[in-house]
Amino acid sequence: MIDVEQHRDHLERLLADLEGGNWVLWIVTSVEDWAASINRPQRRILIPAMAVRASDGRQIVVVRRLLSDNIQKDVLDGFLARGQGDQPELKDPRRFLEHLVLHEVAHHVLDTQDEEPCDAWAFSRMPGRVP
Ligand SMILES: [Zn+2]
């Protein structure tokens with residue numbers, strides 16, 4: 001289980017250092033409940049994170065506060081399903097969250113629903129990564 005609140009400062013610094021945007025981090029109990037509350041109902045449940053541009057221009061990354069082992073496994077299994085292999089680095093909670101948040105931002109920066117380019121963009125922006 002990851003409690004995202006314990007990584008808030010780190011993730012806020014990560015977002016502050018990103019070029020081309022002014023993203024803020026919101027940590028919520030349920031991303032899908034939050035999305036429904038702003039009239040963006042989701043079909044999935046237990047959503048780990050999503051990024052939205054509000055109509056007033058704010059850029060918000062919303063992350064579920066408690067990420068169970070099963071939720072983490074679903075995300076990591078997504079890499080396997082997309083043929084990107086095992087990503088052992090992401091088993092570290094901080095690395096997992098860095099990639100999760102950057103991936104959601106990437107959907108807006110790259111303006112695509114495709115997962116692969118967003119994964120690649122996220123990896124390329126993870127701090128301390130040697131390209
Ligand atoms: Zn995605």
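Up top is the structure these notes are about.
Draft legend 1. Seen up close, unusual backbone geometry. For Leu46, which is not glycine, the phi torsion reads 55° and is therefore positive. The topology assignment puts Leu46 in the loop between helix 2 (31–37) and strand 3 (49–53). Positive phi values are uncommon outside glycine, yet Asp111 reaches one of about 55°. Its location among the elements puts Asp111 in the loop between helix 4 (93–109) and helix 5 (115–125). Residue classification places Asp111 among the exposed residues on the basis of 7 C-beta atoms within 10 Å.

Draft legend 2. Seen up close, the nonpolar core. Within the largest apolar cluster, 21 residues are counted, with the highest numbers of intra-cluster contacts made by Ala49, Val61, Val63, Leu97, Val101 and Val105. Only helix 1 (8–16), strand 3, strand 4 (59–64) and helix 4 provide two or more residues apiece to this core. Among the elements that line this core, the one with the most residues is helix 4, at seven residues. If we ignore the near neighbours within four places in the chain, the residues touching Val105 are Leu18, Trp23, Ala51 and Val61.

Draft legend 3. Region of interest: the sheet that holds strand 3. Read across the sheet, three strands follow the order 2-4-3 without closing on themselves; strand pairing throughout is mixed. Unpaired on one side and paired on the other, strand 2 (23–28) and strand 3 mark the two borders of the sheet. Strand-to-strand twist of the sheet, defined as the mean angle between neighbouring strand axes without regard to direction, takes the value 20°. The pairing of strand 3 with strand 4 spans five bridges and is antiparallel. Within strand 4, the residue paired with Met50 across the bridge is Val62. Relative to strand 2, helix 1 is tilted by about 155°, and along the sheet it contacts strand 2 and strand 4. Its contacts with the sheet place helix 4 against strand 2, strand 3 and strand 4, and it is angled at close to 35° to strand 3.

Draft legend 4. Spotlight on the environment of Cys118. Considering the arrangement of structural elements, one finds Cys118 in helix 5. C-alpha separation for the pair Cys118 and His99, spaced 19 residues apart in sequence, amounts to 9.7 Å. Aside from chain neighbours lying at most four places away, what touches Cys118 is His103, Ala106, His107, Leu110 and Thr112.

Rules of the game
- Residues numbered from 1 in each chain as written.
- Predicted model: local features only at pLDDT ≥ 70, side-chain atom pairs only at ≥ 80, totals over all residues.
- Helix = DSSP H or I, 4+ residues; strand = E, 2+ residues; numbered from the N terminus.
- Buried ≥ 20, exposed ≤ 12 C-beta atoms within 10 Å, placed from the backbone.
- Core = buried A, V, L, I, M, F, W, Y, C linked by C-beta atoms within 7 Å.
- Contact = placed C-beta atoms within 7 Å.
- Pairing = 2+ DSSP bridges.
- Axes fitted to C-alpha atoms, helices over the stretch in contact; angles between N-to-C directions.

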